[in-house]
Amino acid sequence: MRTDIYPEITESVDTAREPTERPGPQVLIPEVRQHARRRRLRNLALVLIGAGVAAGLFVSVGSGPPAAGQASGPSSPSASGSTRTEHRTVALRQPDALAVGPTGALYVADDERQQILVRLPSGRFRVIAGTGVGGYSGDGGPATRAKVQSPIGLAVSGTGVVYFSQQARVRVPDTIPGQFTYTIVVREIARDGRISTIIGQDPNCHAVPAGADYIPARSALVGGGELTIGLNGFLDLRTRTCPGAPHVGGYVQMTPSGRLVQTPADSVPNGSEFCGGGVTGRRFAVFSCGSGDRRGPRLMVVRFDGRIQTYRDVGSQAGYMTEAAGSVVANYNRAIVRITASGIQTLATQRQIAGLVPGAIGVMGGGGGDVAVSRTGTVYAAESVLAHPHGCTSVIAQITPRGTVSAAWLSAQNQTCF
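This one's a predicted model, so the numbers in the text were calculated from it and none came from an experiment.

Undergrad: Account for the environment of Arg-303, naming residues and giving values.
TA: Among the secondary structure elements, Arg-303 is positioned in strand β18 (residues 299–303). Along the primary structure Arg-303 and Phe-284 are separated by 19 residues, whereas in three dimensions their C-alpha atoms are 4.2 Å apart. Setting aside anything within four residues of it in sequence, one finds Arg-303 in contact with Arg-283, Phe-284, Ala-341 and Ser-342.

As structure tokens, this is what we get:
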């Protein structure tokens with residue numbers, strides 16, 4: 001068996017427990033480049049894409065061949081694609097989405113590198129997808145030779161298959177020939193290191209029968225990219241797709257047959273049109289809610305027996321969530337919390353995470369960054385911290401089951417934040 005392709009094979013990690021000793025924070029990059037501003041712009045773009053999907057609109061942009069660095073759809077690997085990153089470590093620049101593999105390895109979608117990385121026991125990172133040039137290409141070939149554009153969601157299955165979502169330009173029906181639509185696709189990195197697009201590569205909502213209870217994954221027009229692995233081991237995607245199939249809803253799961261179907265989170269009444277999130281735990285679902293008067297609930301836990309529990313906050317809506325062994329871990333109310341059907345447990349506050357950065361003033365952003373959980377219960381959380389006197393710093397906090405908070409990775413400080 002080859003052992004030089006898949007990172008979790010080449011780098012052994014104790015599957016029974018987390019290592020008792022880990023390297024300290026490493027300063028790996030010279031600056032953080034306006035991360036908060038870029039995140040807001042990216043989220044705004046996704047909101048606009050999602051709005052187009054919800055309205056059933058295909059918004060075409062551009063004409064003629066795709067711009068440099070972009071492809072009209074999946075293509076064979078570029079002959080000029082570099083393979084030098086396949087067997088060497090690199091420096092993480094800007095963590096965005098996080099996920100943890102079955103052996104405890106931390107995976108990171110690096111928004112600045114335009115790559116997917118895995119953290120090695122040494123504390124360094126290895127590229128597993130992306131050439132470092134933004135785009136959408138490479139299906140069928142090695143993931144390290146594929147172009148990746150703004151990866152925004154990340155999940156790893158129990159068998160070690162890596163899924164991520166990214167922006168793409170693809171053709172859709174009823175558009176002018178030669179024009180393309182910005183949308184989201186979900187791609188898969190198999191255990192042999194090859195990449196393929198599994199959701200949204202050929203969007204065609206017109207092919208979905210009215211009133212259908214499923215959507216062919218390749219035909220979906222996807223407007224969002226938050227990913228998680230459900231209790232049954234299947235990939236969950238929180239998005240609106242193909243408005244002509246109302247029985248599928250906004251929280252979908254991909255079956256082994258390549259269909260997007262309704263998840264349990266979509267089958268329970270969440271009680272508010274302002275609630276999103278839809279992460280399913282064991283016999284309950286968690287929704288992140290908004291309220292115009294800022295006095296309403298910001299978090300709603302709906303049990304499958306119909307009982308509803310709501311929670312208020314101190315001014316910040318719940319952020320990223322992920323399923324974790326039947327519970328849900330979220331960045332909520334200025335803390336990393338574990339949510340069950342019976343209540344909320346604080347795992348670490350944002351103040352504790354900010355304390356990992358010298359001169360920290362506080363964590364930036366009300367909703368916080370992405371979270372991921374290992375099988376042994378270790379939680380990782382990505383945050384941007386405002387520090388004096390040098391500006392902004394990015395940190396990936398590691399929270400052990402015993403409550404110890406440390407830095408799995410720490411960037412250098414930047415002079416400006418915006």
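Undergrad: Please give an account of the nonpolar core that cites residues and values.
TA: Soluble, globular proteins show a tendency: their nonpolar side chains are buried together. Ile-199, Ile-215, Leu-235 and Leu-260 are the most contacted members of the largest nonpolar core, which has 26 residues in total. Among the secondary structure elements, those contributing two or more residues to this core are β9 (180–189), β10 (195–199), β12 (226–229), β13 (235–238) and β14 (251–254). Among all residues touching Ile-215, those that are not within four sequence positions of it are Val-208, Ala-220, Thr-241, Cys-242, Ala-245, Val-248, Gly-258, Arg-259 and Leu-260. Residues Ala-324, Val-373, Ala-407 and Leu-410 belong to the second largest nonpolar core, which totals 22 residues.

Undergrad: I'd like a rundown of the packing of aromatic side chains, residues and numbers included.
TA: Tallied over the full model, the rule gives 1 aromatic pair. A cation over a ring is seen here: Arg-259 above Tyr-214, with NZ or CZ 3.8 Å from the ring centre.

Undergrad: Can you lay out the pattern of salt bridges for me, pointing to particular residues and giving the numbers?
TA: The tally for this structure, following the rule as stated, stands at 3 salt bridges. Asp-139 is the salt-bridge partner of Arg-187, the closest N and O atoms lying 2.7 Å from each other. Of this pair, Arg-187 sits in strand β9 while Asp-139 sits in the loop between β6 (125–129) and β7 (153–156), and the two are 48 residues apart along the sequence. Classification of Arg-187 by relative accessible area gives buried; the value is 0%.

Undergrad: How would you sum up the pairing of strand β27 (residues 391–399)? Please name residues and give values.
TA: Burial within β27 is extensive, with 9 of its 9 residues counted as buried. As paired elements, strand β26 (residues 379–387) and β27 share 9 bridges and run antiparallel to each other. Across the sheet, Ser-384 pairs through a bridge with Ser-394, a residue of β27. Here β27 runs beside strand β28 (residues 405–410); their pairing, made up of 5 bridges, is antiparallel. Within the sheet, the bridge partner assigned to Val-395 lies in β28 and is Leu-410. The hairpin formed by β27 and β28 contains 5 residues between the paired strands, and Gly-403 there has a positive phi angle of roughly 95°.

What counts and what doesn't
Residues numbered from 1 in each chain as written. Predicted model: local features only at pLDDT ≥ 70, side-chain atom pairs only at ≥ 80, totals over all residues. Heavy atoms only, no water. Helix = DSSP H or I, 4+ residues; strand = E, 2+ residues; numbered from the N terminus. Contact = heavy atoms within 4.5 Å. Core = buried A, V, L, I, M, F, W, Y, C linked by side-chain atoms within 4.5 Å. Buried < 20%, exposed > 50% of the residue type's maximum accessible area, 1.4 Å probe, protein only. Phe/Tyr/Trp six-rings, centres within 6.5 Å; stacked < 30°, edge-to-face > 60°. Lys NZ or Arg CZ within 6 Å of the ring centre and 35° of its normal. Salt bridge = Lys/Arg side-chain N within 4 Å of Asp/Glu carboxyl O. Pairing = 2+ DSSP bridges.

As far as function goes, none of this settles anything; it's purely spatial.
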